[in-house]
Structures are given as C-alpha cells and as structure tokens.
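What the coordinates show
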Amino acid sequence: MRLLLPVLVLAKTAITAVTQIGTACTITPLSASLKRDSLATPDDVPQILDAVKKCGKDGSITFTEGVYHMGKVMDMISLQNCDISMRGTFIWSTDIQYWLKNSIGVEYAGRSTAWRIGGTNITMRGYGETLFDGNGQLWYDQNKNAGNQNGRPISLTIWKAKNFLIDGIQWKQPQFWHTFVAYSQNVTMTNLDMNATSNSQWKTVNTDGTDTWNSKDIFISNWTVTCGDDCISVKGNSQNVRVSNIKCYSSGGMCIGSMGNGVTETVDDVSFENITLVHSSNAAWIKTYPGSGHVKNVLFKDIRFTDVNQPIYISPCIYSYSNCDSSKLRISNVRWENIVGTARYNVGAGMHCSAAATCQNLTFVNIDIKQKDGKPVQYLCSNIDNQKTMGLECTGSCPANWEQQMKGPK
C-alpha cells in the first residue's frame, strides 16, 4: 500500500496541506465559508499553485468538493499531460484594486486575466458540479455601463495550449469575459453554462461567453450563455472554429470580429450551427475595423431567434463608422442558411461592405425573418459583388455608417 504524503505549504494565513501520491495531488479547500467577501477568508491560491508545481506534469490535480477562495492571480502555463478534476465553488476576491494592478496581460487590446492556463495535453473537467463565481456585481457597479477598464480581468484564459479539453463548468457573474482562447490549437470546450446577470441598475457590459484569437482547431458545443455582449466571438487569426448546439440569452449572438484594428488579420473556416438566440443585439454577423486581411469560408446555419435587434449585419468600420469604404479587409465565401426568427424592428439585415474590398460570394438560403408582429423586414445591402444571385432580395442600400444596434424602426 502506498502511503499518503502530506506536503505542507506556508501561506500568510495558515499552514495548508496538499495531499500527494506520486504525481497525483488532491486539494481540499481551507474554509467552508460561502462569504462573498473573500477578503475575510483564507486564500486557496497558494496551495493550488503548489499542487500545480508538484503534479502539473505527467500527473493529476483533484479539487475535492467545497468552497475555494481565490485571492490572487493564477498563472499555470506549463502544464503537461495533466488531468484536472474539479468539484466545488470557486469565489474570486472582492479586492478590485488588487486585480486592477495584478491581473495578467493577454496582449489582445490591452486586456488581462485572473487565471491563465496552458501547456500540452490538458483536461479540465467540472462534471457539472463546479461553479466559478467572479463576484462580478462589484465590477458591473464600478464600471457603470463602461466595458474596457484596464485591469478588469477575464475569468479564464486558455493560453498557448495544445490539446486542451474543458468540460462541465458553470460561471456566475464573471468579472469580464468568461473565457478567452489565445495562441492555442486543438481546444475543445463542451457542456459549459455561463451567466452574467446584473442585480443593479448597471449592465454587465463586455461579459462575452468566449473570444478566440490567434488560435486554430477550436471546437465549442453544448453551451448555455446569458451575457452582456458577444455570445461567441471569433477574432483575428482564428482558423477552423466549429461552434454547435448553443443557446444564448441577452447576448450579441454569433460573431466574426472585431478584427483588423491596425494590423492585418484573417479568419478562415468557421461554422456556427444549431444556435438559439433570445433577446439579442444580433444573430449572425461580421464586424471589422477598416484594416487589411480577410474573412473567408464562414457558415451560419440553423440559427433560430426571438426578439433580435438586427439579425444579420456586416460592417467594415465597426464602432467609429468612418473610413468604411477604404477598408481592404475582404469578406468572401460566407453562407447564411436556415436563419429563422423575429426582428425587434423592421430591418432583418444591414450589410455594408467596403467599396475598396467588396464582399464576394455571399449566399443566403431559407432566410425567414419577420418583425414580432409578423410584418416583413427590410434587407439593406451595399457593395456585394454577387448581390443579384446571392439568394436574398435586397430592398435598399445600406449606408456606410449603419450602426450595429438600431434604436427604433427605420
């Protein structure tokens, strides 16, 4: 019989123990407290990082059921052949000033994260019994409907990972984006439940379900997401991204972009299939800056929705709505198929492509969008090369400065 060898770690608040057998580590939370103010409870991060040091290579890390208090950043980017099994509730601390000063940079647009994980051959399973609680209400209230405060941390970033699986985890009130996938390959994200809901007058703003960037071979399926921004966003230099069986509430729907902000970026081979959207800003759409690069080979298929502001949308100059026709970032080979639902106002699609890089080979099959009262919608189109044969009858031109979200009928 092998003996349990307790490994003691000295932390500021207590002597903590990680149980280790060979390269298998088991972590037990230091406190059973469910206090939302985790400043008053022992920090579990030191013992988690100790377990990673001892069992993160050719080993396993098991979190026993309980409440874990997360008071510091976690940078775990050298895992190798590691299986992580999680049960319990993980509560991030309320020390906003700490996070603003110490969250880990992730390069994209000055964003940062509370937890960065990466390496090779990693599994991270929550078995439907794991909850990440970001104490996000504090962040929503502090930001007062603004979204991009420097240092406001993404909950979990998958960073420079190869062969990574995450499954069976729930989120409640994340601090910022729920997840971010960067510089990674062969990432599978399944059976995730995400909920960013504000209990005050302030909106959650920028609580995306996930954003992919500089990554390829990403497989996302069986998610339920309630958030205050893009449900799933495929950003620059993403390739071979497959998204299926997703339900999104109060989100930005399925999105390519934003991308091309001062750099050349490309997106290739992306599919969104079997998607349900309720009360969203958009459904199946593409947003770029007036830059260079391309979006090519994208499929939006079997997307059903209710009460969506503007279901189909293309902009080459998102947010500024200027220099729209000078963009050289070309959009081509994009197919919308079985797009069915109700629009909040009287526009089903607003698509303005750049005059300098017109859209090519857009295809529409079985587009059935009506207003909530059953009346028909408009389809506005500009600078689409194959407009006459693309399968959608445009009812008018789309101005260059046509905004993503309408404030009323046009």
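Note that this is a predicted model, so its numbers are computed, not measured.

Comments concerning the overall build of the chain
A count of helical and extended segments in the chain gives three helices and 27 strands. Its C-alpha radius of gyration of 22 Å places the chain within 12% of the 22 Å reference for a compact globule of 410 residues. Seen through its principal axes, the chain has C-alpha atoms that stretch 75 × 40 × 35 Å. Within the chain, buried positions represent 57% of all 410 residues.

Some thoughts on the nonpolar core
Of all hydrophobic cores here, the largest spans 98 residues; its most connected members are Met254, Ile256, Phe300 and Trp336. The element best represented in this core is strand β12 (residues 156-172), accounting for seven residues. Not counting residues up to four positions away in its chain, the partners in contact with Trp336 are Ala284, Phe300, Ile312, Ile314, Leu362, Thr363, Phe364, Val365 and Ile367. Formed by twelve residues, the second largest nonpolar core is a distinct cluster that contains Trp285, Tyr321, Leu380 and Trp402.

Section: the pattern of salt bridges
The final tally for this structure, using the stated rule, is twelve salt bridges. Across the pair Lys54 and Asp50 runs a salt bridge whose closest N-O atoms are separated by 2.7 Å. Of the two residues, Lys54 and Asp50 both sit in helix α1 (residues 45-55), four residues apart, roughly one turn of that helix. Where Glu403 meets Lys407, a salt bridge forms, and the shortest distance between an N and an O atom there is 3.4 Å. In this structure Glu403 comes out as partly exposed when scored by relative accessible area, which is 37%. Relative accessible area serves as the criterion here: at 73%, Lys407 is assigned to the exposed category. A single network of salt bridges, built from pairs that share partners, joins Asp307, Arg344 and Lys372.

A few points about unusual backbone geometry
Note the cis peptide between Gly257 and Ser258, where omega equals 0°. For Ser258, the location among the structural elements is in the loop between β19 (254-256) and β20 (264-278). Backbone geometry at Asn81 places phi at a positive 50°, although glycine is not the residue there. Take Asn81: it is sitting in strand β6 (residues 74-86). Unlike most non-glycine residues, Asn240 shows phi in positive territory, near 55°. Along the chain, Asn240 falls in strand β18 (residues 238-249). Given the relative accessible area of 18%, Asn240 is considered buried.

A short note on the side chain of Ser238
Along the chain, Ser238 turns up in strand β18. Using a relative accessible area of 1% as the deciding quantity, one classes Ser238 as buried. Here the side chain of Ser238 touches Lys235 through a polar contact of 2.8 Å, landing on its backbone oxygen. Ignoring anything within four residues of it in the chain, the contact list for Ser238 reads Thr212, Trp213, Asn214, Ser215, Thr266, Val267 and Asp268.

Considerations on the side chain of Thr210
Positionally, Thr210 belongs in strand β15 (residues 210-213). Polar side-chain contacts of Thr210 include one of 2.7 Å to the side chain of Thr179.

Digging into the state of the cysteines
Counting across every chain of the model gives five disulfides. Residue Cys381 pairs covalently with Cys394 via a disulfide, S to S 2.0 Å. Disulfide Cys381-Cys394: torsion about the S-S bond near -90°, hence left-handed. One end of the pair, Cys381, is in strand β27 (residues 378-382); the other, Cys394, is in the segment after β27, with 13 residues separating them in the sequence. With respect to class, Cys381 is no different from Cys394; both count as buried. Going through the chain in sequence order and numbering each bonded cysteine, the pairs you get are 1-2, 3-4, 5-6, 7-8, 9-10. Residue Cys255 stays outside any disulfide, its sulfur separated by 11 Å from that of Cys231, the closest cysteine. We note that Cys398 lacks a disulfide partner, and the nearest cysteine sulfur, in Cys381, lies 7.7 Å from it.

Parameters at a glance
- Residues numbered from 1 in each chain as written.
- Predicted model: local features only at pLDDT ≥ 70, side-chain atom pairs only at ≥ 80, totals over all residues.
- Heavy atoms only, no water.
- Helix = DSSP H or I, 4+ residues; strand = E, 2+ residues; numbered from the N terminus.
- Rg over C-alpha atoms; globule rule 2.2 N^0.38 Å.
- Buried < 20%, exposed > 50% of the residue type's maximum accessible area, 1.4 Å probe, protein only.
- Core = buried A, V, L, I, M, F, W, Y, C linked by side-chain atoms within 4.5 Å.
- Contact = heavy atoms within 4.5 Å.
- Salt bridge = Lys/Arg side-chain N within 4 Å of Asp/Glu carboxyl O.
- Polar contact = N/O pair within 3.5 Å; in protein donor to acceptor, adjacent residues only side chain to side chain.
- Disulfide = S-S within 2.5 Å.

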